[in-house]
Amino acid sequence: MSDAHDERDPETLASVTKLEPEHEPESEPTRWQLGKTHRKVDAMERMRGITRYTDDLKLPGLLHCKILRSPHPHAKILRIDASRALAMEGVFAVITGEDLAVPYGIIPWTPDETALAVGKVCYVGDGVAAVAAVDEDTANAACAAIEVLYEPLPAYYDPEEALAGEVTINPYAKRGNLSKNVVLEFGDVDQSLADADLVIEGDYFFEGTTHGAIEPHCAVAMVEPNGLLTVWSATQVSHYLHRELAKVLARPAHTIRVIQPPLGGAFGGKSEPFDLEFCVAKLALLTGRPVKCLYTREEVFYAHRGRHPMKMHYRTGFTREGKLTGVAARTFLDGGAYSSFGLVTTYYSGQLLCSPYDFPTYRFHSTRAYTNKPACGPKRGHGSVQPRFAIEVQLDKAAVELGLDPFELRRRNDMGPNTRTVNEFEIGSNGFLECLARVEAASTWKQRRAELAYGRGLGLAGSTYISGTNYPIYPNEMPQAAVQVCLDRSGRARVFSGANDIGQGSNTMLAVIVAEELGLELDDIRVLSADTDLCPVDLGAYSSRITLMVGNACLDAAQKLRRKVRAAVAKRWEIPAKRVTLIERKAMDLEDPARSVAIAEAFQWAEADNGLLGEVGSYNTPKDRHGSYRGGTIGASPAYSFTAHVAEVDVDPETGVVAVQNIWVAHDCGRALSRKIVEGQMEGSAYMGFGEAIMERHAVDPAHNGVHIGPSLLDYRMPTFLDTPDLHALIVEAPDAQGPYGAKEAGEGPLHPSIPAIANAIYDAVGVRLDTLPFSPPKVLAAIERRLERERSGELPAFKAERRPPGFTGDHDDRRSA
């Protein structure tokens, strides 16, 4: 194998010592809370409209911040004159890039952006100056009064053009406009393709998309008289924001507190620091007053950090029996102006493709380029949704060429459980075959597919995803997750966790684990999370890490307390502790169920024996889940989820409109800790993938100086309830030894197959391949026209000829009458 990774990859230096789980063996088969339906712990506050989001915070003397943004896609900043703005009544301060000149980045090895531009701007929307004023109107007027003299520079909007360009975009770039280049090869791919009975070759393009969270980014900062800086932020990575604030502001970390209030959605779009957090902090320090900054919806689109556009060329070899022989992928990633998570994304674009199918040989070459566009980053299913679209369409093309049912082809290539991928990732439990069986049965694939009329089709796709990254973003030997649990003598529990609940229900997951172990109801548990002063460190809500990592830490703490409580009860009943169970707010004798005591009294006994009932739990990953080659840690995970989708579509050959009627989603989540929440994550993921397939497009217009084509929720099309197909969540449970009670992720993996399943269903409906996204009506109609023209010329047979409407010839007028 070869690797073009030319930076020192710290993850390869991590210890390879295996961490053995310390969970108490489960002696009680009856489950009290696991797998049941739970209301989210914060649901009623949100439903009643009393949840206080970041923008709801009102502090005495609050100032409002607005950021002046560049109208140019690429330009030098020759001069900034803020004198007119500073002279305005109600303006308290103006800052520029020189006031926050320390570069930062979520990945420590690519700190290539500053809170405000220093010396040059790199895309339309780049921050240039920030104002603190008595209200938003005054702040906006002050921004308009700031005079900036620019010298425009050449702009590049295409990654391959940028790589060939002579002008460097990012001022911290080391190799022109090359952001990252990765080449990894496992086995002799060229020989495997040469020996194959069939080689499928295709070009694919995945258009960029944004997250679409309802709550815009918002941050509030306040400085206490003792110098403590508190920042409230709509972030999903409180700990990393805390670190970067300390770095950029040159302040000791212990003088900074970061709090994440309830969040109105994120999907990866708030998983790194943004300019507004640094700006409000600096302005609060300068003015001595609280400062708030709320993005407009347009600013959210320009801040972006959404899905990377990718150009992908794939060659895939098969035997005549349908077995894979090798895969070769060449990918160009459009990274936008800054790195963001781009180093990781470049690896993910190849590393996460190697299951659930067994690749005998594999090579990927991925190149990320800087362009003069908003920076791309992580969106739900980070880095692997795009290549999954390509490989699943490749598999469908092969099934057609080989005359195999798409299910059968995938079954023949299933890698199974307890194995290693070609790129040496350790796979534990694997429920992919059951996922296939569930969607095949639920969609009545065998009974219906061969009989569907022209314009109607079924499509299949599968996927896998990580349950957390095996290593933290910055190298260290400390735990990746930690939780504190304290029991009250009234019979309640308090849970302190640094994890960020972004709407996915992680606080509820923690409550379920504590309730399960200590026999409580969820209403008995209070979860305090994402406050860097009060909670232990957690690395944040990204890479589907929280259920496995924070869940294990919580289980560790809860089981320590459970042992203390059971021991205290057993001591007073003079029985072995193994006979005591905690369930239904009671401690009960398993051999004499009539003998019980209220859980509050059991807690009091335990407190009398042990003192204050508090325990901590922590979790770190096993270090034997990957190969030893450079880059082999990126994409490694303690456990992997598996998913299969079947999509059903109606395609109107007259208009090109694709109506997705149903998506059946079978997802191996290991074990569903809270059933409805898992189903909601599965359905939400499939919904998001459906929207990206049919509607969404995040792009700028080179003909109009690089402005966004539609930076509003009116112009950026996303599905409404009326557009959304029926979503059928089918939970598959293949418990994994690495997860709490066997649980794996459920929040990102179920997105991946939606897009290729819809693409494959469109082919099954009208016989056209759509290898570029989104599948908009003009694109679909043009593909149908090309197919029908080739049919009329005799180049192709009529697709579903026997199932077309009577009198259908493919001519436009005939199709209209039909």
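Our subject is the structure that appears above.
This structure is a prediction, so every number in the text was calculated from the model and none was measured.

Parameters and conventions
- Residues numbered from 1 in each chain as written.
- Predicted model: local features only at pLDDT ≥ 70, side-chain atom pairs only at ≥ 80, totals over all residues.
- Heavy atoms only, no water.
- Helix = DSSP H or I, 4+ residues; strand = E, 2+ residues; numbered from the N terminus.
- Expected span 1.5 Å × (residues − 1).
- Buried < 20%, exposed > 50% of the residue type's maximum accessible area, 1.4 Å probe, protein only.
- Axes fitted to C-alpha atoms, helices over the stretch in contact; angles between N-to-C directions.
- Parallel < 35°, antiparallel > 145°, perpendicular 65-115°, else oblique.
- Left-handed = near helix turned anticlockwise from the far one by under 90°.
- Contact = heavy atoms within 4.5 Å.
- Pairing = 2+ DSSP bridges.
- Core = buried A, V, L, I, M, F, W, Y, C linked by side-chain atoms within 4.5 Å.
- Polar contact = N/O pair within 3.5 Å; in protein donor to acceptor, adjacent residues only side chain to side chain.
- Salt bridge = Lys/Arg side-chain N within 4 Å of Asp/Glu carboxyl O.
- Right-handed = clockwise from strand over helix to strand, strands pointing away.

Below, the discussion takes up helix α7 (residues 275-287). Taking 1.5 Å per residue, 13 residues should reach 18 Å; α7 reaches 18 Å between its end C-alpha atoms and fits that length. Within the span of α7, buried status applies to Asp275, Leu276, Glu277, Phe278, Cys279, Val280, Ala281, Leu283 and Ala284. Gly288 sits one or two positions beyond α7 and adopts a positive phi of about 75°.

What follows concerns the packing of helix α14 (residues 506-518) against helix α15 (residues 546-573). Where α14 meets α15, the closest approach of the two axes is 9 Å, and the angle between their N-to-C directions is 30°. Overall, the two elements α14 and α15 adopt an arrangement that is roughly parallel. In the packing of α14 onto α15, the handedness of the crossing is right-handed. In this structure, α14 contributes Ser506, Met509, Leu510, Ile513, Val514, Glu517 and Leu518 to the contact, and α15 contributes Ile546, Thr547, Val550, Gly551, Cys554, Leu555, Ala558, Gln559, Leu561 and Arg562.

Turning to the pairing of strand β20 (residues 493-497), a few remarks are in order. Here β20 shows a clear split, with Ala493, Val495 and Ser497 buried on one side and none of Arg494 and Phe496 buried on the other. Bridge count for strand β19 (residues 481-487) against β20 is five bridges, and the pairing is antiparallel. Note that in β20 the partner of Gln484 across the bridge is Phe496. What sits between β19 and β20 in their antiparallel hairpin is a turn of five residues, with Gly491 showing a positive phi close to 100°. Across five bridges, the pairing between β20 and strand β21 (residues 525-529) is parallel. Note that in β21 the partner of Phe496 across the bridge is Leu528.

We now examine unusual backbone geometry. With an omega of 15°, the peptide bond running from Ser355 to Pro356 counts as cis. Its location among the elements puts Pro356 in the loop between α9 (342-351) and β15 (362-369). Of note, the amide linkage connecting Leu773 to Pro774 takes the cis form, showing an omega dihedral of -10°. Counting through the fold element by element, Pro774 comes out in the loop between α18 (754-766) and α19 (777-792). One non-glycine residue, Glu574, lies in positive phi territory at about 55°. Structurally, Glu574 is set in the loop between α15 and β22 (580-583).

Core analysis: the largest hydrophobic core is formed by 113 residues, its most contacted members being Phe359, Phe389, Ile758, Ile762 and Phe775. It is α18 that provides the largest number of residues to this core, a total of nine residues. Apart from the residues lying within four places of it in its own chain, the contact partners of Phe389 are Tyr204, Phe205, Phe206, Met312, Ile755, Pro756, Ala759, Leu770, Asp771, Thr772, Leu773 and Phe775. Counting residues in each nonpolar core, the second largest holds 55 residues, with Leu34, Ala481, Ala499 and Trp573 among its members.

This next bit is on the sheet that holds strand β9 (residues 218-223). A sheet is described by the order of its strands in space; here seven strands give the open sequence β3-β5-β1-β12-β9-β10-β11, paired in mixed fashion. The open sheet has two edge strands, β3 (91-96) and β11 (256-259), and neither has a second partner. Between one strand axis and the next, the sheet turns by 20° as a mean value, whatever way the strands run. Bridging between β9 and strand β12 (residues 291-294) involves four bridges; their strand directions are antiparallel. When the sheet's bridge partners are listed, Ala219 is paired in β12 with Cys293. Contacting β1 (63-69), β3, β5 (127-133) and β12, helix α3 (residues 136-145) crosses the sheet at an angle of about 30° to β1.

Right, let's talk about the environment of Ser340 for a bit. Positionally, Ser340 belongs in the loop between β14 (324-334) and α9. For Ser340, a relative accessible area of 3% corresponds to the buried category. For the pair Ser340 and Pro60, spaced 280 residues apart in sequence, the C-alpha separation works out to 35 Å. Setting aside residues up to four positions removed in sequence, Ser340 forms contacts with Ile106, Ile107, Thr110, Glu272, Arg305, Cys376, Gly377 and Pro378. A distance of 3.5 Å separates the side chain of Ser340 from the backbone oxygen of Cys376, its partner in a polar contact.

Now for the sheet that holds strand β7 (residues 178-186). Read across the open sheet, the five strands follow the order β7-β15-β14-β13-β8; overall the sheet is mixed. Across the chains shown, the open sheet's two edge strands, defined by having one partner strand only, are β7 and β8 (198-206). Averaged over all adjacent pairs, the angle separating strand axes in this sheet is 5°, with direction ignored. Note that β8 and strand β13 (residues 310-318) share nine bridges and pair antiparallel. Looking at the pairing, Leu198 lines up with Phe318 of β13.

Looking now at the pattern of salt bridges. Counted under the stated rule, the structure contains 55 salt bridges. Of the charged contacts in the structure, one is a salt bridge between Arg412 and Glu408, with a shortest N-O distance of 2.7 Å. Note that Arg412 and Glu408 are positioned in helix α11 (residues 406-413) at a spacing of four residues, about one turn of the helix. Put simply, Arg456 and Asp650 hold a salt bridge, and the shortest N to O gap is 3.2 Å.

Looking now at the pairing of strand β10 (residues 229-233). Burial analysis of β10 places five of its five residues in the buried class, which makes it a mostly covered element. Of the two faces of β10, the one lined by Leu229, Val231 and Ser233 and the one lined by Thr230 and Trp232 are each fully buried. Note that β9 and β10 share five bridges and pair antiparallel. Within the sheet, the bridge partner assigned to Val223 lies in β10 and is Leu229. Connecting β9 to the next strand, β10, in antiparallel fashion are five residues, including Gly227 with a positive phi near 95°. Sheet topology places β10 next to β11; four bridges connect them, and they run parallel. Across the sheet, residue Trp232 finds its bridge partner in β11, namely Ile259. For the handedness criterion, the β-α-β arrangement of β10, helix α6 (residues 238-249) and β11 is classed as right-handed.

By secondary structure assignment, the location of Glu584 is in the loop between β22 and β23 (586-589). When its relative accessible area of 44% is taken as the criterion, Glu584 is described as partly exposed. Expressed as a C-alpha distance, the spacing of Glu584 and Phe301, which sit 283 residues apart in the sequence, is 48 Å. Setting aside anything within four residues of it in sequence, one finds Glu584 in contact with Trp32 and Gly519.

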